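Next come the chains, spelled out residue by residue.
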Amino acid sequence: MKLWYDKKSKDPTYFIQMGIRNGKKTTTRNVSRIGKHSELLRVTEDPLAYAKEQVRKYSEEYSSENKVTLDLSINFSEKIKATQDTASKSTRLNIGYFFIQKLYNELGISDFFREATKDSRIRFDPDTVNRFLTYARILNPDSKLGTLDHLGSYYEKPDFDYQHIMRTMDIMEANYSGYIENLYQRSCGIVRRNTAVCYYDCSNYYFEIEREDEDYTDEVTGEVIRGLRKFGLAKDHKPNPIVEMGLFMDRDGIPISMCITSGSDNEQTTAIPLEEEMVKMFKGKKFIYCADAGLGSFNIRKFNSMGGRAFIVTQSVKKLSDVMKQAVFNDYGYRLLSSDEPVSLEHMKSFDRFDADCRGLYDDRAYKVIPADRAIDLGLYEEKATRSGKPRKVKSKATLKQYVIVSFSRKMMEYQRSVRNRQIERARGILDRMDPESYRKGPHDVTRFIVKRTSGEDKVAYEINEDKIREEEKYDGFYAIATNLEDSAKDIIEVSMNRYKIEDCFRIMKTDFMARPVWHYKREHIISHFMICYTALLIYRLMEKKLEDNGTHFTTDAILETLKNMEVASIEDICYMSLYTGSQLCTALNAVFGLGLDKKYYQPKELNKKIKKILK
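Bear in mind the structure is a predicted one, so any value in this text is a computation, not a measurement. (Residues numbered from 1 in each chain as written. Predicted model: local features only at pLDDT ≥ 70, side-chain atom pairs only at ≥ 80, totals over all residues. Heavy atoms only, no water.)

Draft legend 1. Quick look at the overall build of the protein chain. What the protein chain contains, in helices and strands, is 21 helices and 22 strands. Relative to the 2.2 N^0.38 estimate, which gives 25 Å for 616 residues, the radius of gyration of the protein chain is 33 Å and therefore markedly larger than a compact globule would have. Taking the principal axes of the C-alpha coordinates as reference, the protein chain spans close to 120 × 75 × 60 Å. The buried share of the protein chain, reckoned over its 616 residues, is 48%. Of the contacts made within the protein chain by residues no fewer than 6 positions apart, 66% connect residues no fewer than 24 positions apart. On the protein chain, roughly 33,700 Å² of surface is accessible, and the fraction owed to carbon and sulfur atoms is 48%. Of the side-chain charges in the protein chain, 101 are positive and 93 negative, and the distance between the mean point of each set is 3 Å. (Helix = DSSP H or I, 4+ residues; strand = E, 2+ residues; numbered from the N terminus. Rg over C-alpha atoms; globule rule 2.2 N^0.38 Å. Buried < 20%, exposed > 50% of the residue type's maximum accessible area, 1.4 Å probe, protein only. Contact = heavy atoms within 4.5 Å. Areas by Shrake-Rupley, 256 points an atom, 1.4 Å probe, with all protein chains shown as cover. Lys, Arg positive; Asp, Glu negative; His and termini not counted. Charge placed at Lys NZ, Arg CZ, Asp CG, Glu CD.)

What follows is the structure in structure tokens.
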């Protein structure tokens, strides 16, 4: 604090002036008016000495209580400064990303970029570019150009160009394996990683293009480089080329590793190569591979029967051999999952589910363990190379030590029948309103319940296929798991049930982080785009885990909304005022990360110190 007045004036006005440093900008502001020289003569013989004493007292109050009293003067006729910008911009600044930045820094990504570019002559900081691309993916997902246009909404207001974004993405793709491994190794120092079970799944991401990428054959070596964006099977049935992401996560839902492959690739071929990389990353640590039936081929099970590893994969009951199905549907050997007491399927299917005394049984499961060393009994196929070098599927005839744990749930049976009954009603509606032949058909479509009957007089009639309904009802409530573990069925089923978390990972990336559609066309930029999305997911999951370790749990929507709403507004460059309210989540975040972002006002130097402390 210092005294300011016009020394050339005969009757100067004395002000208390504060020096303010906001990033690279340094300015001064008159924060309090002491009075004019002539006014102060009424209370003192020496106005200048009196003014200096007021400055001293003001400085002491500011130092001891961290509080200032401002004389605010507002000119309601003053207009905003005109600019050449096409559209007006908000002056609100987000500081919620400070929490994200703390985790980002603890992941050591800046050290990674420093090592990756030590022999380069680049004149920009790729770590800064990647930092804010990651923050934007969490807080305000947009295209790379859209992110560039909104950099001014972050407190630091970083300055880089679109070319720097593209160059950073090239660096990331060139160091793909090292980047992913660095994230895992450094994340182990942030939270305790539970990798005893590693869950794997795949998902597709579409592109707004009409043609797929062509394969390229090197004329010298004959090497074939496959295009990345290819037409393939997708759950949403979009007529666009896709790429496929394979993702491994631990038991807490935190990502471990990922891969990006061509959209036309069989997803079962992606698991083993990525797992081999992960085995190296784990340095020989044993783990259990867990996936759904689509990623539990014979090859994958065989790979995870070596090296101390194990597998737990979903097994389709419908694909079992007739001998195995007989073992599933007969009543011998079933026990309650909760108490291990013997129980019959007939009793599980027939008790009064509305009886309060049967509520425990309604929530329980019946199970049995069936040895299944012959892989052929499980309807498995293995891939073998033909003379042309192309892989083909053949029915497995090898022996693989494993067990099938079959469980039955009355609650699940009632749910599946409820869904089917609604589908049957829709099928009846189709029979009444239109020709079923003109209705789109599929293996899971309601028209599977409609059958065409032809009489001797060549008359065609359509009716509900009761045989089809009875066939499907046989499998209601049944759930099967194949494993080579000899642990208790309860523990194995509990492990398998956690697969929902990996589906949640894909939901967050696709819905909250808007990882699709992807607008890049270069292979390097497509892969680095997903590297950024993966980094954002990892940081979010780490934040979620730290909050849970602190004894608090919040939904994804609550966490993202709070971080987005943590904005401040500048008050004449003197200080920043919070534009967000307090909440349980805000309190929990500050308790976990210790950043003190729960105040109503902040001085620029205070926020600058927080940034400096985070990035040190």
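Draft legend 2. Spatial organisation of the sheet that holds strand 4 (residues 93-94). Spatially, 4-20-21-22 is the arrangement adopted by the 4 strands of the open sheet, whose pairing is antiparallel. A strand with exactly one partner marks an edge of an open sheet, and here the two such strands are strand 4 and strand 22 (601-602). With 2 bridges joining them, strand 21 (residues 575-578) and strand 22 adopt antiparallel strand pairing. Paired with Tyr 576 across the bridge in strand 22 is Tyr 602. (Pairing = 2+ DSSP bridges.)

Draft legend 3. Fine view of the pattern of salt bridges. Counting across every chain of the model gives 35 salt bridges. Of the charged contacts in the structure, one is a salt bridge between Lys 401 and Glu 486, with a shortest N-O distance of 3.3 Å. You can see Lys 401 sitting in the loop between strand 15 (391-395) and strand 16 (403-408) and its partner Glu 486 sitting in the loop between strand 19 (478-483) and helix 16 (489-497), a full 85 residues away along the chain. Taking the relative accessible area as the measure of exposure, Glu 486 reaches 58% and is therefore exposed. The salt bridge involving Glu 606 is made with Lys 599; its shortest N-O contact spans 2.7 Å. Overall, Glu 606 belongs to the buried group, its relative accessible area being 18%. (Salt bridge = Lys/Arg side-chain N within 4 Å of Asp/Glu carboxyl O.)

Draft legend 4. Inspection of the sheet that holds strand 13 (residues 366-371) at higher detail. If you trace the 9 strands from one edge of the open sheet to the other, you get 9-8-5-10-11-19-16-13-12, paired in mixed fashion. In this open sheet, the two strands that pair with only one neighbour each are strand 9 (255-262) and strand 12 (335-336). Bridge count for strand 8 (residues 242-249) against strand 9 is 7 bridges, and the pairing is antiparallel. If you follow Glu 244 over to strand 9, its bridge partner there is Thr 261. Seen against the sheet, helix 17 (residues 500-512) touches strand 5 (197-206) and strand 8 and runs at an angle of roughly 35° to strand 5. (Axes fitted to C-alpha atoms, helices over the stretch in contact; angles between N-to-C directions.)

Keep in mind that these numbers describe shape and distance, not what the molecule does.
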